[in-house]
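Chain residues, written in single-letter form:
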Amino acid sequence: MADVKAEYLACPIRQVIGKFGDKWSLLVLYSLYKSERGILRFNELRSHMTDCSQKMLSATLRHLEQSNLIHREVYPVVPPKVEYSLTDTGRSLMPVMMVLIDWAKQHFNDVVTKNIVEGAIDKA
């Protein structure tokens with residue numbers, strides 16, 4: 001295995017943003033933030049992200065919980081009831097993330113359309 005440079009271990013992009021920078025994590029965080037009570041169950045989250053597999057959503061939720069961005073509350077009932085919510089750390093991320101989402105909405109065509117057009121040209 002290659003030696004890991006010390007500056008990589010201290011890099012905020014790799015060590016912090018990498019914990020939530022993938023598309024599924026961002027969508028989970030956004031869905032929880034925008035939910036009426038700030039709490040969603042697994043199937044409620046899944047209904048917001050129908051193109052995310054059950055396995056991927058489970059892994060994403062586990063990863064976000066380990067990163068202290070979401071809280072998982074398990075209730076001792078049958079059938080099992082599990083709810084997800086943002087932690088204080090997760091909530092503190094949301095104003096910054098909303099700026100990124102606003103930027104994405106403003107520049108959607110600049111970023112996405114170019115890729116679609118280039119892809120169509122490549123296939124021609």
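Note that the coordinates shown come from a computational prediction; the quantities given were computed from them, not determined experimentally. (Residues numbered from 1 in each chain as written. Predicted model: local features only at pLDDT ≥ 70, side-chain atom pairs only at ≥ 80, totals over all residues. Heavy atoms only, no water.)

1. A word on the overall build of the protein chain
So the rule is basically this: In DSSP terms, a helix is any run of H or I states spanning at least four residues, a strand is any run of E spanning at least two, and both are numbered starting from the N terminus. To be clear on the numbers: accessible area is Shrake-Rupley with a 1.4 Å probe, and residue cover counts the displayed protein chains and nothing else.
For the protein chain, the helix and strand inventory stands at seven helices and three strands. Reading the secondary structure of the protein chain in the N-to-C direction produces α-α-α-β-α-α-β-β-α-α. A total accessible area of about 9100 Å² is found for the protein chain, and carbon and sulfur atoms account for 58% of it.

2. Here's the deal with the sheet that holds strand β1 (residues 39–41)
Applied cut-off: Strand pairing requires that DSSP identify at least two bridges connecting the strands. Think of each axis as a best-fit line through the C-alpha atoms, taken over the contacting stretch in the case of a helix, with angles from 0 to 180 degrees between the N-to-C directions. Any pair of residues with heavy atoms lying within 4.5 Å of one another is described as a contacting pair.
One open sheet holds the three strands; their spatial order is β1-β3-β2, and the pairing between them is antiparallel. Where the open sheet ends on each side, the last strands, each with one partner, are β1 and β2 (70–75). Taking each pair of neighbouring strands and ignoring which way they run, the sheet shows an average axis angle of 30°. Pairing analysis gives six bridges linking β2 to strand β3 (residues 81–86), with the strands arranged antiparallel. Within β3, the residue paired with R72 across the bridge is Y84. Where helix α3 (residues 23–34) meets the sheet, it contacts β1, β2 and β3, and its direction lies at approximately 90° from that of β3.

3. Points about the confidence of the model for the protein chain
Put simply, the rule reads: Residue-level confidence of the predictor is what pLDDT reports, using numbers from 0 through 100.
In this model, the protein chain carries an average pLDDT of 87, and 88% of its residues clear a pLDDT of 70 or more. Per-element mean pLDDT across the protein chain ranges from 68 in helix α7 (residues 108–123) up to 97 in β1.

4. A few points about the pattern of salt bridges
Stated formally: Each salt bridge in this description consists of a side-chain nitrogen of Lys or Arg and a carboxyl oxygen of Asp or Glu lying within 4 Å of one another. Using a 1.4 Å probe on the protein chains alone, a residue whose accessible area is under 20% of its type maximum counts as buried, one over 50% counts as exposed, and one in between counts as partly exposed.
The final tally for this structure, using the stated rule, is three salt bridges. Salt-bridge contacts for K81 lead to E83; the nearest nitrogen and oxygen are separated by 3.7 Å. According to the relative accessible area criterion, K81 is partly exposed, its value standing at 29%. Overall, the relative accessible area of 8% leaves E83 in the buried class. Linking R91 and D88 is a salt bridge whose minimum nitrogen-to-oxygen distance equals 2.3 Å. Here R91 pairs with D88, and both are found in helix α6 (residues 88–106), just three residues apart, close to one helical turn. Overlapping salt bridges, with partners in common, bring together R37, K81 and E83 in one network.

5. Notes on the side chain of E83
Spelled out, the test is: Residues adjacent in sequence count toward polar contacts only when both atoms are side-chain atoms; beyond that, a polar contact is any pair of N or O atoms within 3.5 Å, and within protein one must be able to donate a hydrogen and the other to accept it.
Considering the arrangement of structural elements, one finds E83 in strand β3. At a separation of 2.9 Å, a polar atom in the side chain of E83 contacts the side chain of Y75. When sequence neighbours within four positions are dropped, the list of residues in contact with E83 reads R37, I39, L40, R41, H71, R72, E73 and Y75.

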